[in-house]
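Listed here are the chains, written in short residue letters.
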Amino acid sequence: MGSTRVRIAIDAMGGDNAPAEIVAGALRAQEELGVDVLLVGDPQQIEASLKQHTQSSSLEIVPSEGTIEMSEEPLTALRRKPKASINVAMDLVKKKRADAVVSAGHSGAAMAAALLRLGRLPGIDRPAIGAVLPTMIAGKPVLILDVGANVDCRPKFLEQFALMGSIYSQYVLGVAEPKVGLLNIGEEPNKGNELAIQTHQLLEENPNIPFIGNAEGRDVLSGHFDVIVCDGFAGNVLLKFAEAVGEVALQILREELPRGLHGKLGVSILRPNLKRIKQRMDHAEHGGGLLLGVAGICIISHGSSQAPTIFNAARLAKDAIDHEVLDRIAVTSQLAES
């Protein structure tokens, strides 16, 4: 690829705040992370956004035509718009011009484009989107998957999610011995629907998965689990609810702490603490979800992503590349199949 540095293709046209916030995040990523960024999108719009920044830029612009709108059916739109920004970004990875893709656009289109252009890893039937959430224990996040790629799942899919999640938790999040849980309505093995009961048995019997049992809703953010697996329907509801709770908590702090003279004095004293609270609770700090199971690194960020989220998404992509997550998943899943 002409460079030993990690190269990240960023979909500059994806998301509610594209391309201005995407470009700002990309500039910061290239400057602070030591990566090369390829901005995919409309050259004129990207150039106009770049002019809003004083620092010199060596970001490469890769032209594309059009985007996949949120109202469009992903597969149909991807085929009708072969030069859409997400298609072009995935092709860069397929052709080895980039090591990863970051997109805040249509998440369904990003997943479909990854499957169509990159394919699945050997031994993986369905990819899953993994999202990292904070827990009650500082510095100990929990990885939830799937959070939206597969609304209907078979037990075998959830078993594969657990395998991929434990590898990611160990090698990227730095958990020496990840504890894997299955999202359920009770702790007992026979609780839940048929999917949960059958999955519980598979996870218990798989020696490659450090499974410790069911995780109820109250356990998700407790810090007791490092990885929690579920189908994409439940996972997506869980993710969005957790994000909403975080936003509500931050808003309450903003409104209530400054009240009265003592409150105003307290806020000035507690400002560093409040900043740390925001960092622990704000989903922008995590960058988005890693699409695990496809033959390429793909980070799917929130549609409302701003510059900090895009920066953190690029950091997440670099971490996954540096720790060889794809190779580790491929090797482990093939061993499990044999």
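Just so we're clear, the structure is a prediction, and the values are computed from it rather than from any experiment. (Residues numbered from 1 in each chain as written. Predicted model: local features only at pLDDT ≥ 70, side-chain atom pairs only at ≥ 80, totals over all residues. Heavy atoms only, no water.)

K.L.:
Break down the overall build of the protein chain for me, citing the residues and quoting the values.
P.N.:
When its secondary structure is counted, the protein chain shows 11 helices and 11 strands. A total of 338 residues make up the protein chain; the buried ones form 50% of that total. When contacts within the protein chain are restricted to residue pairs at least 6 apart in sequence, those whose partners lie at least 24 apart make up 71%. Roughly 16100 Å² of accessible area belongs to the protein chain as shown, and the carbon and sulfur atoms make up 53% of that amount. (Helix = DSSP H or I, 4+ residues; strand = E, 2+ residues; numbered from the N terminus. Buried < 20%, exposed > 50% of the residue type's maximum accessible area, 1.4 Å probe, protein only. Contact = heavy atoms within 4.5 Å. Areas by Shrake-Rupley, 256 points an atom, 1.4 Å probe, with all protein chains shown as cover.)

K.L.:
So what about the environment of D322? Which residues, and what values?
P.N.:
Position of D322 among the secondary structure elements: in helix α10 (residues 307-322). Remark: the alpha-carbon pair of D322 and V172, spanning 150 residues in sequence, is separated by 8.7 Å. Of note is the side chain of D322, whose polar atom sits 2.8 Å from the side chain of K318. (Polar contact = N/O pair within 3.5 Å; in protein donor to acceptor, adjacent residues only side chain to side chain.)

K.L.:
So, the nonpolar core: which residues are in play, and what are the values?
P.N.:
Note that soluble globular proteins tend to have their nonpolar side chains buried in a common cluster. I10, L39 and F161 are the most contacted members of the largest nonpolar core, which totals 59 residues. Here the element with the most residues in this core is helix α6 (residues 155-171); it accounts for eight residues. Counting 42 residues, the second largest nonpolar core, distinct from the first, contains V88, M90, A110 and L291. (Core = buried A, V, L, I, M, F, W, Y, C linked by side-chain atoms within 4.5 Å.)

K.L.:
An account of the packing of aromatic side chains is needed here, citing residue identities and associated values.
P.N.:
Scanning the model with the defined rule gives zero aromatic pairs in all. A cation over a ring is seen here: R28 above F311, with NZ or CZ 3.6 Å from the ring centre. For the cation-ring pair, R328 lies above Y171, with the distance from its terminal atom to the ring centre recorded as 3.8 Å. (Phe/Tyr/Trp six-rings, centres within 6.5 Å; stacked < 30°, edge-to-face > 60°. Lys NZ or Arg CZ within 6 Å of the ring centre and 35° of its normal.)

K.L.:
Residue-level account of the state of the cysteines, with values.
P.N.:
Disulfides are covalent bonds that link the sulfur atoms of two cysteine residues. Applying the stated criterion across every chain, the model contains zero disulfides. Unpaired in this structure, C230 has its nearest cysteine sulfur neighbour in C153, at a distance of 8.3 Å. With relative accessibility at 3%, the residue C230 sits in the buried group. (Disulfide = S-S within 2.5 Å.)

K.L.:
Hey, could you go over the pairing of strand β7 (residues 180-183) for me, with residue numbers and the actual values?
P.N.:
Both β7 and strand β8 (residues 211-215) contribute to a ladder of four bridges, which runs parallel. Residue pairing in the sheet places V180 in a bridge with F211 of β8. (Pairing = 2+ DSSP bridges.)

K.L.:
Provide a residue-level description of the side chain of D146, including the pertinent values.
P.N.:
Within the element layout of this structure, D146 appears in the loop between β6 (142-145) and α6. It turns out D146 is buried and unbridged, and the closest side chain with the opposite charge, R126, is 8.0 Å from it. Among the polar contacts listed, one links the side chain of D146 to the backbone nitrogen of I129, at a separation of 2.8 Å. Polar contacts involving the side chain of D146 include one to the main-chain amide nitrogen of A149, which spans 2.9 Å. With residues up to four places along the chain from it excluded, the contact list for D146 reads A128, I129, F161, C230, D231, G232, G235 and N236. (Lys, Arg positive; Asp, Glu negative; His and termini not counted. Salt bridge = Lys/Arg side-chain N within 4 Å of Asp/Glu carboxyl O.)

K.L.:
Mind laying out the pairing of strand β1 (residues 7-11), listing which residues take part and the relevant values?
P.N.:
Summarising burial for β1: five of the five residues are buried, a large majority. Both faces of β1 are covered, namely the face carrying R7, A9 and D11 and the face carrying I8 and I10. By the bridge criterion, five bridges tie β1 to strand β2 (residues 36-41) in an arrangement that is parallel. Bridge assignment links R7 to a residue of β2, and that residue is D36.

K.L.:
Before we move on, can you summarise helix α4 (residues 85-94) with the specific residues and values?
P.N.:
Taking burial as the measure, the 10 residues of α4 include nine buried ones, the bulk of the element. When α4 is considered as a whole, its buried residues turn out to be S85, I86, N87, V88, A89, M90, D91, L92 and V93. Note on α4: the residue one or two positions beyond its end, K96, has a positive phi of about 65°.

K.L.:
Account for α10, naming residues and giving values.
P.N.:
The end-to-end C-alpha distance of α10, which contains 16 residues, comes to 23 Å, matching closely the 22 Å that a straight helix rising 1.5 Å per residue would cover. Those residues of α10 lying buried are A307, T309, I310, F311, N312, A313, A314, L316, A317 and A320. A positive phi of about 55° marks E324, the residue just after α10. (Expected span 1.5 Å × (residues − 1).)

K.L.:
An account of the packing of α4 against helix α5 (residues 107-117) is requested, with residue identities and associated values reported.
P.N.:
Orientation of α4 relative to α5, taken along the N-to-C sense of each, is 35°, at an axis distance of 9 Å. As α4 runs across α5, the sense of the crossing is right-handed. Along the contact surface, α4 presents I86, N87, M90, D91 and K94, while α5 presents A109, A110, A113, A114 and R117. Split into classes, the residues belonging to the contact of α4 with α5 amount to six nonpolar, one polar and three charged. (Axes fitted to C-alpha atoms, helices over the stretch in contact; angles between N-to-C directions. Left-handed = near helix turned anticlockwise from the far one by under 90°. Nonpolar A, V, L, I, M, F, W, Y, C, P; charged D, E, K, R; others polar.)

K.L.:
Residue-level account of the sheet that holds β2, with values.
P.N.:
In space, the 11 strands of this open sheet follow the order β3-β2-β1-β4-β11-β10-β5-β6-β9-β7-β8, with mixed pairing throughout. Because the sheet does not close on itself, it has two edges, and the strands there are β3 (60-63) and β8. Geometrically, the sheet is characterised by an average inter-axis angle of 25° between neighbouring strands, direction not taken into account. Along the sheet face, helix α8 (residues 232-256) touches β5 (128-133), β6 and β7 and points at about 25° away from the line of β5.

K.L.:
Now, about the packing of helix α1 (residues 20-33) against α10: what can you tell me, with residues and values included?
P.N.:
Direction vectors running N to C along α1 and α10 enclose 45°, while the axes themselves pass 7 Å from each other. Of the possible angle classes, the one that applies to α1 and α10 is oblique. α1 and α10 meet at a crossing whose hand is right-handed. Taken together, the residues of α10 that come into contact with α1 (itself represented by E21, I22, A24, G25, A26, R28, A29, E32 and L33) are A307, P308, I310, F311, A314, R315 and K318. Of the residues contributing to the contact of α1 with α10, the split by class is 10 nonpolar, one polar and five charged. (Parallel < 35°, antiparallel > 145°, perpendicular 65-115°, else oblique.)

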